Amino acid sequence: MSNNKETVTAADRPILRNKMYLYLTEFFAGMSVMAVELGASRLLAPYFSSSQIVWTIIIGTIMIAMALGNIYGGRKVDKNPNPDRLYGRIIFAAIWIALIPVVGKYIILGISGLLVFTISTNFLVIAAFAACMIIFVFPLFLLGTVTPSLVKYTVDSLDDSGKIVGNLNASNTIGSIIGTFVPTFISIPAVGTSITFLIFAGILLALSIVYFASSKVFVKKVPVAMVLFILCCVFGHNGSFAFWQKHLTAEDESIYNYLQVSEDDKQVVLSTNVLFGVQSVYRKERELTGMYYDYAMAAPYMAGIYEKDRPLDVLILGMGTGTYATQCRRYFGEMNIEGVEIDEKITDLAHEYFELDETVPVATYDGRAFLNSISSEHWKKDSEFGTTDGKYDVIMVDAYQDITIPFQMSTSEFFTLVKEHLRSDGVMVVNMNMRGIESAEDAESSGEKEAKITDYLADTIASVFPEVATVDVQNATNRELFAGEKGMLERFRKNRALEKDEELIYMMQRVDSGLTSYIGGDHVMTDDKAPVELLGMEVIDEIIRDEVNYYRRIYEEKGWEGLLDSL
């Protein structure tokens, strides 16, 4: 490298005399920023969810990093217009991005482990923000220095400055567009999040290597970076987010989710989040388990299953692994069951590991969009899904994952749509799995309690349906809600009295003993206002506090040895 670094300019580098390479640099920088942003959402989602809160943190953090990079880059290039420095920064950014799949998961868990014992509120916000700051700010700050530096190198006079800056911004924008679509639709589904980071890190590294090689400038950081990148490829290609679990049955990524299947002698479990709960549980004993889907089997009784001379038409929005469909078919025999699941890979796992009957049709669709679609004449004519009148006896809504509740399926407009697709004596059953567990302190406290996410959902449903009832699932955070026209509970008790299966008789007695009529309140969510992410976060904070207090008591009683034994 030249000893007089201050005298080196873009004109001294042959590769930069043609502005095309500068436009390519802007293009690949913009592409990599968006790819890293989307990769960040997938890296954080298995630990903190993919809710609007997490997306806000990611976008906000990246915007901060880019803004600071713009300021820093502009000042530095004015003081020293040496392009070697810019491409050196791109090398550092590339290696940092390549290191993310190697160490990112450990950093996230380390931050979570530290914060979970030190904070009691807003865990998701603080932990996700801290992870973003540590993992993503520095490389994106460096990439933020690209644009002001390239403006300095490309603008020769004020006569064409507008055109040049416009071309640079266009190159950045086009790169950003490609960097948005490629990870989502190509690289992440095909090769996973980890390799996606490595691909775009490799692009940035190659860009800088070409620059230094063509300029015939030797810098020690280039061979070092190449060695580090190779090591990252060796140790960072493993896409396991739950790296501490050694015997997973299956682990994969889809467009929508991180997917993990674990199995033991008693059950098969699907999880889309490795820190908070599971999405589906299937018990192998082929009998009633007392889990939420068994409680939800009260819905066919409420719809008058033994009063009809035909099989019930059942629609499941949020089919997941199909456990509810399997139990209904197993115990009620012939039923016309249809499922809707937005993630096709979950449907594949349901058939492979959860014994979902191949004869149960599953539409790969958003639940609300499905209800809108089956109303159209085109759908009725060309699709195997949907009844002849577009209505069902039972509609199960189970699209609420552990810490992510789709707002479009939690509003009065959505539940009105569900009601329109129910027959006059039809019933909607909703699995709400974020009711939390009331602590002893809460039970003893007096005064009005603050409304939770389940209260908002129940109030919203009660604003649409004349009769609503709820039952809490024992030893779980699930609450089942049933809604229909007046007479729903009366039909339930009448039809369950006709049941002859002893298992179902016992199960429905349990449901009936906990079944409570619900009187709606004022917490009604609409398409315009549905703060489900913030409400869900409050429940997560409660669950975390409950878990932390449990381990704190173990530590106080048994010390570190007892704590380690309990983990």
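Structure: above.
Notes on the structure in this doc start here. (Residues numbered from 1 in each chain as written. Predicted model: local features only at pLDDT ≥ 70, side-chain atom pairs only at ≥ 80, totals over all residues. Heavy atoms only, no water.)

**Focus: the overall build of the protein**
- Within the protein one finds 21 helices and twelve strands.
- Expressed as a percentage of its 567 residues, the buried residues of the protein come to 53%.
- The contacts of the protein with a sequence gap of at least 6 include a subset with a gap of at least 24, amounting to 74%.
- Per element, the accessible surface of the protein, about 25,600 Å² overall, is 56% carbon and sulfur. (Helix = DSSP H or I, 4+ residues; strand = E, 2+ residues; numbered from the N terminus. Buried < 20%, exposed > 50% of the residue type's maximum accessible area, 1.4 Å probe, protein only. Contact = heavy atoms within 4.5 Å. Areas by Shrake-Rupley, 256 points an atom, 1.4 Å probe, with all protein chains shown as cover.)

**Points about the packing of helix α8 (residues 193-214) against helix α9 (residues 221-236)**
- Packing of α8 against α9 leaves a shortest axis separation of 11 Å and a crossing angle of 165°. Relative to α9, the element α8 lies roughly antiparallel. The chirality of how α8 crosses α9 is left-handed. Contact residues: Ser194, Leu198, Ala201, Gly202, Leu205, Ile209 and Phe212 in α8; Val222, Ala225, Met226, Phe229, Cys232, Cys233 and Gly236 in α9. (Axes fitted to C-alpha atoms, helices over the stretch in contact; angles between N-to-C directions. Parallel < 35°, antiparallel > 145°, perpendicular 65-115°, else oblique. Left-handed = near helix turned anticlockwise from the far one by under 90°.)

**Structural notes on helix α12 (residues 323-332)**
- Among the ten residues in α12, eight count as buried, and that is most of the element.
- Every buried residue belonging to α12 is among Thr323, Tyr324, Ala325, Thr326, Gln327, Cys328, Tyr331 and Phe332, and all of these are buried.
- One or two residues past the end of α12 sits Gly333, with phi positive at roughly 75°.

**A closer look at the pattern of salt bridges**
- Applying the stated criterion across every chain, the model contains 18 salt bridges.
- Between Arg310 and Asp393 there is a salt bridge; the shortest N-O distance is 2.9 Å. One end of the pair, Arg310, is in the loop between α11 (298-302) and β5 (313-317); the other, Asp393, is in strand β8 (residues 392-397), and 83 residues separate them in sequence.
- Here Arg310 falls in the partly exposed class, since its relative accessible area comes to 31%.
- Note that Asp313 and Arg423 form a salt bridge whose closest N and O atoms lie 3.0 Å from each other. Residue Asp313 is found in strand β5, and its partner Arg423 is found in strand β9 (residues 422-432); the two are separated by 110 residues along the sequence. The residues Asp313 and Arg423 share a single accessibility class, namely buried.
- Through salt bridges that share partners, Arg310, Asp313, Asp389, Asp393 and Arg423 make up one connected network. (Salt bridge = Lys/Arg side-chain N within 4 Å of Asp/Glu carboxyl O.)

**Some remarks on a positive patch on the surface**
- On the surface, Arg75, Lys76, Lys79, Arg85 and Lys221 cluster together into a positively charged patch.
- Broken down by element, the residue count for the positive patch peaks at three residues, all from helix α3 (residues 52-79).
- Take Arg85: it is sitting in helix α4 (residues 83-116). (Patch = residues over 30% accessible without salt bridge, like charges linked within 9 Å, V, L, I, M, F, W, Y side chains within 5 Å. Lys, Arg positive; Asp, Glu negative; His and termini not counted. Charge placed at Lys NZ, Arg CZ, Asp CG, Glu CD.)

**Description of the packing of aromatic side chains**
- On inspection of all chains with the given rule, the structure shows 14 aromatic pairs.
- Taken together, a centroid distance of 5.5 Å and an interplanar angle of 75° make the contact between Tyr301 and Phe332 edge-to-face. Within this pair, whereas Tyr301 is found in helix α11, its partner Phe332 is found in helix α12, the two being separated by 31 residues in sequence.
- Note on Tyr301: relative accessible area 0%, which makes it buried.
- Three or more aromatic residues joined by ring pairs make a cluster, and in this case those are Tyr21, Tyr87, Tyr211 and Phe212. (Phe/Tyr/Trp six-rings, centres within 6.5 Å; stacked < 30°, edge-to-face > 60°.)

**Some points on unusual backbone geometry**
- Phi at Glu355 takes a positive value of approximately 60°, unusual for a residue other than glycine.
- Here Glu355 is to be found in the loop between α13 (344-353) and β7 (362-363).
- If you check the backbone angles, Asn475 has positive phi at about 60° while not being a glycine.
- With respect to the secondary-structure elements, Asn475 resides in the loop between β10 (467-472) and β11 (479-484).

**Describing the nonpolar core**
- Among the nonpolar cores identified, the biggest contains 70 residues, and Leu44, Phe48, Tyr87, Ile108, Phe136, Leu140 and Phe212 are the most heavily contacted of them.
- With 15 residues, the single largest contributor to this core is α4.
- The contacts of Tyr87, once residues within four sequence positions are left out, are Leu16, Tyr21, Leu22, Thr25, Leu207, Ser208, Tyr211 and Phe212.
- With 46 residues, the next largest nonpolar core counts Val281, Ala298, Leu312 and Met508 among its residues. (Core = buried A, V, L, I, M, F, W, Y, C linked by side-chain atoms within 4.5 Å.)

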